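Coordinates in review
Now for the letters of each chain:
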Amino acid sequence: MKFALILAALATAAAAPAAFANAELAQKKNCMACHAVDKKLVGPAYKDVAAKYAKDKDAATKLADKIIKGGSGVWGPVPMPANTQVSAAEAKQLATWVLSAK
């Protein structure tokens, strides 16, 4: 039983820095200028994006592509600009983080 608790504690501790790192990456790549986790700014709240794509198994790939190329029409008339400063790996990391928002 102690071993299981230790493993659970280690898993939680390991996951926390990864989540924090993704928030830092979102800030670094200027995502937070238009988005917030829990409220609409210029673009939708990340929790709303996560809810919308919760049942889409390809959501992380689709969102990563949209992060890099931009898009319009899904969340209203304001387009999301392309973010060419974001690498494919960073976009996938950001998309996965966004989809985990609650």
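Structure's up top.
An account of the accompanying structure is given in this report. Within each chain, residue numbers correspond to sequence positions counted from 1 in written order. Only residues with pLDDT of at least 70 are given local features in this predicted model, and only at 80 or more are side-chain atom pairs given and counted; all residues enter the totals for whole chains, interfaces and linings. Note: side-chain values were computed over all heavy atoms of the structure, leaving out hydrogens and water.

Regarding the layout of surface pockets
Grid points spaced at 1 Å and placed over the protein atoms alone form the basis of the search, with a cavity being a set where a 1.4 Å probe fits but cannot get out and a pocket an open set showing protein on both sides within 12 Å along at least five of seven lines. Lining residues have an atom within 4 Å of a point. Grid points are joined across faces, edges and corners, and a volume is the space filled by probe spheres set on the points. Space inside the largest pocket adds up to approximately 640 Å³. Surrounding the largest pocket, 31 residues form its lining, His35, Gly43, Pro44, Trp75 and Met80 being those nearest its centre. Numbered from the N terminus, helices here are DSSP runs of H or I no shorter than four residues, and strands are runs of E no shorter than two. Mapped by element, the contributors of at least two residues to the lining of the largest pocket are α2 (46–52), α3 (59–69) and α4 (88–99). The element best represented in the lining of the largest pocket is α4, accounting for four residues. When the residues that make up the lining of the largest pocket are grouped by side-chain class, the tally is 20 nonpolar, eight polar and three charged. Note on residue classes: Ala, Val, Leu, Ile, Met, Phe, Trp, Tyr, Cys and Pro are nonpolar, Asp, Glu, Lys and Arg are charged, and everything else, Gly too, is polar.

Overview of the packing of aromatic side chains
Whether two aromatic rings pair depends on their centres lying within 6.5 Å, for rings of Phe, Tyr and Trp, where Trp uses its six-membered ring; planes under 30 degrees apart make the pair stacked, over 60 edge-to-face, and the rest tilted. Applying the stated criterion to the full structure yields one aromatic pair. Here tyrosine 46 and tryptophan 97 contribute two aromatic rings whose centre-to-centre distance is 5.3 Å and whose plane-to-plane angle is 65°, an arrangement assigned as edge-to-face. Of the two residues, tyrosine 46 is situated in helix α2 and tryptophan 97 in helix α4; the sequence distance between them amounts to 51 residues. Take tyrosine 46 and tryptophan 97: they sit in the same class, and that class is buried. Lysine 52 extends its terminal NZ or CZ atom over the ring of tryptophan 75, reaching a point 4.7 Å from the ring centre. Each residue is assigned to one of three classes by its accessible area relative to the maximum for its type, calculated with a 1.4 Å probe on protein chains only: buried under 20%, partly exposed between the two thresholds, exposed over 50%. For a Lys NZ or an Arg CZ to count as sitting over a ring, it must be within 6 Å of the ring centre and within 35 degrees of the ring normal.

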